[in-house]
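One-letter residues, chain by chain:
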Amino acid sequence: MSEFENHYSMKEYLAQIISESLEQFELEEPPEIRIEEPNQPDHGDASSNIAMMLAKPLRNNPRAIAQQLVDGLKYDEEKISAVEIAGPGFINFRFAEEYLFDELSEILKKGEAFGKSEANKGRRVLVEFVSANPTGPLTVGHGRNAVLGDTVSRLLEWTGAEVEREYYFNDAGRQMRVLGESVRARYLELLGKESDFPEGGYEGEYIRDIAQALVDEKGEELVEAEDEKPFKKKAEEEIFADISGTLKRMKIKMDSFFNEHSLYEEGKIEETIEKLRELGLAYDKDGAVWFKTTEFGKDKDTVLVKSTGEPTYRLPDIAYHANKLDRGFDLCIDVFGADHIATYPDVLSGIKSLGYDPDKVDVVVYQFVTLVKDGKPFKMSTRKANFVTLDDLMDEVGADVTRFFFLMRSPNTHLEFDIAQAKEAGEKNPVFYLQYAHARISSILRKVEEEYDFSEPAQLSLLSHSSEIKLIKTMLKFPESIANAARLREPHHVITYLNELASAFTSFYHDCRILGEEEKLARARMELAKATQQVLRNGLDILGISAPKQM
RNA sequence: GCGCCCGUAGCUCAACUGGAUAGAGCAACGCCCUUCUAAGGCGUAGGUUACAGGUUCGACUCCUGUCGGGCGUACCA
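Just so it is clear, the structure is predicted and the values come from calculations on it, not from any experiment. (Residues numbered from 1 in each chain as written. Chains lettered and ligands numbered in written order. Predicted model: local features only at pLDDT ≥ 70, side-chain atom pairs only at ≥ 80, totals over all residues. Heavy atoms only, no water.)

Peer 1: Please give an account of the pattern of salt bridges that cites residues and values.
Peer 2: Going through the model one piece at a time under the given rule, you end up with 40 salt bridges. Salt-bridge contacts for Glu217 lead to Lys234; the nearest nitrogen and oxygen are separated by 2.6 Å. Of this pair, Glu217 sits in helix α8 (residues 205–218) while Lys234 sits in helix α9 (residues 229–249), and the two are 17 residues apart along the sequence. The class of Lys234 is buried, set by a relative accessible area of 9%. The partner of Asp334 in a salt bridge is Lys324, with the nearest N and O atoms 2.9 Å apart. Here Asp334, found in strand β11 (residues 331–337), pairs with Lys324, found in helix α12 (residues 314–326); they are ten residues apart in sequence, far enough to count as distant. Comparing Asp334 with Lys324, the two get one shared label, buried. (Salt bridge = Lys/Arg side-chain N within 4 Å of Asp/Glu carboxyl O. Helix = DSSP H or I, 4+ residues; strand = E, 2+ residues; numbered from the N terminus. Buried < 20%, exposed > 50% of the residue type's maximum accessible area, 1.4 Å probe, protein only.)

Below is the structure:
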């Protein structure tokens, strides 16, 4: 097909020809042309509301404008088979079948690259996620964070960005001291010594395991230890090893780990305060250092350094974000739970004051996860150890299901993770519907390849059944669907799309056979099935979910 | 009190930065396995999009208010 086809989407093509026809109106400022897909298939494959937008400026009724626009429209009949005016003034387009067949062969040609786009080409993006301090195994709450962060990263990569995944942690805070004390207490306990379990300490069984490991390695050597440090160190090592294992199981690979402590070592914390002081945005009061957040519209100022000399988390957060931007990233995305949202404006104010562009920082906020067990919500706390770890969850339902469930809802809504539903191997579990469609195609291809000769090129124009056409059209929506999910940083759109695709395939499977059909038709349908499988696989790949050949 | 998020079918959720008749899955009911995987398909039923106003050619979507839920609002992270 033409050069044009390879570089521009149908939407861009339509916007182009509309804008050409629009010139006849000699508008001062031509409106943005948006092409949409009608809800009703009867209304065509693509639609524009441009005539309605112009009704007011042109003081004419939209249908008349639409008519004039359509009269002036020059389009390629190999792409567009019909243009209609409908309803209050919509202009509806129908795609030509030649176009569909050309695009289908494009999918096959592009293969695993089909769906990639360039909206973020050349951009260096840092995605910071998980960022759990090493105080215990990752829990279900961290799971949503981890899977969202990783999948948003994948989406950005599919739109051309160069992504670095970073895990930020702090091993120097109060939490970690308490952790060390907790291990020390268990250690002494194991050796039959007297011990005080710290108030608010970590009660999880894993603390005992770490203590046991220390007993095995060092015997009684640490009984006289001056402080909790050796215990903390061991705990950190063990817990990080555990966390890394969990992440790996979920197909998550971090590119870097950033220790908050390095900001202190490099003097970045001091530097940040000094700069804010110079700007008159930081001041001393009651032995603490305050950030003048009232300058940015908050009703109170915020403490940056406590009177104990210990900074609150806002200060290192600001320094950390400055550091990220210093490293030259074009965009920094933070993934965090709704409970952290309050700090975000302060961090933005902070880096803006320091002369950085706050538009380069973006955030994915997700609402809490409720685990539903036996039909009842299940409350969790790491400290109290009545949590369900991510590993437990994956033991129960598997990594694919875990990822899928975390991704199936908009980040902005509370997620109910029903373990019973997730465990269900069959009908109730939406993950398998997608994997099943993929596996089914593999199975068909295995059988069909024995029966037919596929050395000759397929004649795609033999595809004419409405289910076949529908399937092709659905596949063509994939790239835009990915781009959209990436732009909004909302992976659930990919799932919605894949469900639609799997469903379109299943209709095709139901209506059209391959095996037993005349060879030319079988060949064309096999290509269609192959393309479908490719798109399914690409989509599942973005979600980090496996695409099995057999189930 | 104030700020952010949410309220859509019995349940869990979609609805592409304002479009035409609001869609899926589960649950319910009725059909379909001598045909490439029934982990499937077809059909029925289910709605005043929390409520009340407003903006406009058009509102689940934007604005105002009310009610209900979640999370913040610490010299905790």
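Peer 1: I'd like a rundown of the sheet that holds strand β7 (residues 256–259), residues and numbers included.
Peer 2: The strand order β7-β6-β5-β11-β12 describes an open sheet built from five strands, whose pairing is parallel. The sheet is open, and its two borders are formed by β7 and β12 (361–366), each paired with just one other strand. In this sheet, neighbouring strand axes are inclined to one another by 25° on average, regardless of whether the strands run parallel or antiparallel. Pairing between strand β5 (residues 124–128) and β11: four bridges, direction parallel. Paired with Val125 across the strands is Leu331, a residue of β11. (Pairing = 2+ DSSP bridges. Axes fitted to C-alpha atoms, helices over the stretch in contact; angles between N-to-C directions.)

Peer 1: An account of α8 is needed here, citing residue identities and associated values.
Peer 2: The terminal C-alpha atoms of α8 lie 20 Å apart, and with 14 residues this matches the ideal 20 Å at 1.5 Å per residue to within 8%. Those residues of α8 that are buried are in contact with α7 (174–190) and α9. Backbone geometry just downstream of α8 places Gly219 in the positive-phi region, at approximately 60°. (Expected span 1.5 Å × (residues − 1). Contact = heavy atoms within 4.5 Å.)

Peer 1: Could you give an account of the packing of helix α5 (residues 97–110) against helix α21 (residues 519–543), with specific residues and numbers?
Peer 2: How two helices pack is summed up by the angle between their axes together with the distance between the axes. At a closest axis distance of 9 Å, the pairing of α5 and α21 adopts a crossing angle of 55°. When the interaxial angle is binned, α5 and α21 end up oblique. Crossing geometry of α5 relative to α21 is assigned as left-handed. Contact residues: α5 offers Leu104, Ile107 and Leu108, while α21 offers Glu527, Leu528, Lys530, Ala531 and Val535. Considering only residue class, the contact of α5 with α21 consists of six nonpolar, no polar and two charged. (Parallel < 35°, antiparallel > 145°, perpendicular 65-115°, else oblique. Left-handed = near helix turned anticlockwise from the far one by under 90°. Nonpolar A, V, L, I, M, F, W, Y, C, P; charged D, E, K, R; others polar.)

Peer 1: Please provide a residue-by-residue account of the protein's contact with RNA strand B, values included.
Peer 2: Neighbouring RNA strand B are 60 residues, the closest being Asn39, Lys306, Tyr313, Tyr436 and Ser443. At the protein interface, 63% of the atoms of RNA strand B within 4 Å belong to sugar or phosphate. In the environment of RNA strand B, a phosphate oxygen lies 3.4 Å from a nitrogen or oxygen atom belonging to the side chain of Glu36. At a separation of 2.6 Å, a phosphate oxygen of RNA strand B approaches a polar side-chain atom of Arg440. Counting only elements with at least two residues in the surface near RNA strand B, the list comes to α3 (50–58), β4 (90–95), α7, β9 (288–291), α17 (430–451), α19 (478–488) and α20 (492–511). (Near = heavy atom within 4 Å. Polar contact = N/O pair within 3.5 Å; in protein donor to acceptor, adjacent residues only side chain to side chain.)

Peer 1: Help me get a handle on the domain arrangement of chain A, residues and values and all.
Peer 2: According to the domain assignment, chain A contains domain 1 (3–95), domain 2 (174–249) and domain 3 (428–543). Look at where the C-alpha atoms of domain 2 and domain 3 centre, and you get two points 52 Å apart. (Domains from an automatic or database assignment.)

Peer 1: How would you explain the packing of α9 against helix α14 (residues 390–397) if you had to name every residue and give the values?
Peer 2: Axis separation between α9 and α14 bottoms out at 10 Å; the angle between their running directions is 35°. The crossing of α9 and α14 is left-handed. Residues Asp242, Thr246 and Arg249 of α9 form the contact with α14, whose participating residues are Leu390, Asp391, Met394 and Asp395. In terms of residue class, the contact of α9 with α14 is built from two nonpolar, one polar and four charged.

Peer 1: Can you lay out the packing of aromatic side chains for me, pointing to particular residues and giving the numbers?
Peer 2: Under the defined criterion, the tally for this structure stands at 20 aromatic pairs. Judged by centre distance (5.9 Å) and plane angle (85°), the ring pair of Phe240 and Phe257 falls under edge-to-face. Of this pair, Phe240 sits in helix α9 while Phe257 sits in strand β7; the two residues are 17 residues apart in sequence, bridging distant segments of the chain. Seen from their ring centres, Phe505 and Phe508 are 5.9 Å apart, and the 50° between their planes marks the pair as tilted. Of this pair, Phe505 and Phe508 both sit in helix α20, three residues apart, which is roughly one turn of that helix. With respect to burial, Phe505 and Phe508 carry one shared label: buried. Here the aromatic residues Phe114, Trp158, Phe478 and Tyr497 are joined through ring pairs into a cluster of three or more. The lysine or arginine in question, Lys116, covers the ring of Trp158, its NZ or CZ lying 5.0 Å from the ring centre. (Phe/Tyr/Trp six-rings, centres within 6.5 Å; stacked < 30°, edge-to-face > 60°. Lys NZ or Arg CZ within 6 Å of the ring centre and 35° of its normal.)

Peer 1: I'd like a description of the sheet that holds strand β13 (residues 369–373), backed by residues and values.
Peer 2: Across the sheet, three strands lie side by side as β14-β13-β15; this open sheet has mixed pairing. Among the strands making up the open sheet, the edge pair consists of β14 (376–378) and β15 (415–418). The mean inter-strand angle of the sheet, taken between neighbouring strand axes irrespective of direction, is 40°. As paired strands, β13 and β15 are joined by four bridges and run parallel to one another.

Peer 1: Can you break down the pairing of β7 residue by residue, with the values?
Peer 2: Residues of β7 alternate between two faces, with Ser256 and Phe258 buried on one and Phe257 and Asn259 left unburied on the opposite face. In this sheet, β7 lies alongside strand β6 (residues 162–169) in parallel orientation, the contact comprising four bridges. Residue pairing across strands places Phe169 opposite Asn259, the latter belonging to β7.

Peer 1: Before we move on, can you summarise a positive patch on the surface with the specific residues and values?
Peer 2: Taken together, the side chains of Arg446, Lys447, Arg537 and Lys549 present a region of like positive charge at the surface. Here Arg537 lies in helix α21. (Patch = residues over 30% accessible without salt bridge, like charges linked within 9 Å, V, L, I, M, F, W, Y side chains within 5 Å. Areas by Shrake-Rupley, 256 points an atom, 1.4 Å probe, with all protein chains shown as cover. Lys, Arg positive; Asp, Glu negative; His and termini not counted. Charge placed at Lys NZ, Arg CZ, Asp CG, Glu CD.)

Peer 1: Which residues make up the side chain of Thr402, and what are the values?
Peer 2: Checked against the element boundaries, Thr402 lands in helix α15 (residues 399–407). Beyond its immediate stretch of four places on either side in the chain, Thr402 contacts Met250, Leu390, Leu393, Met394, Val397 and Phe417.

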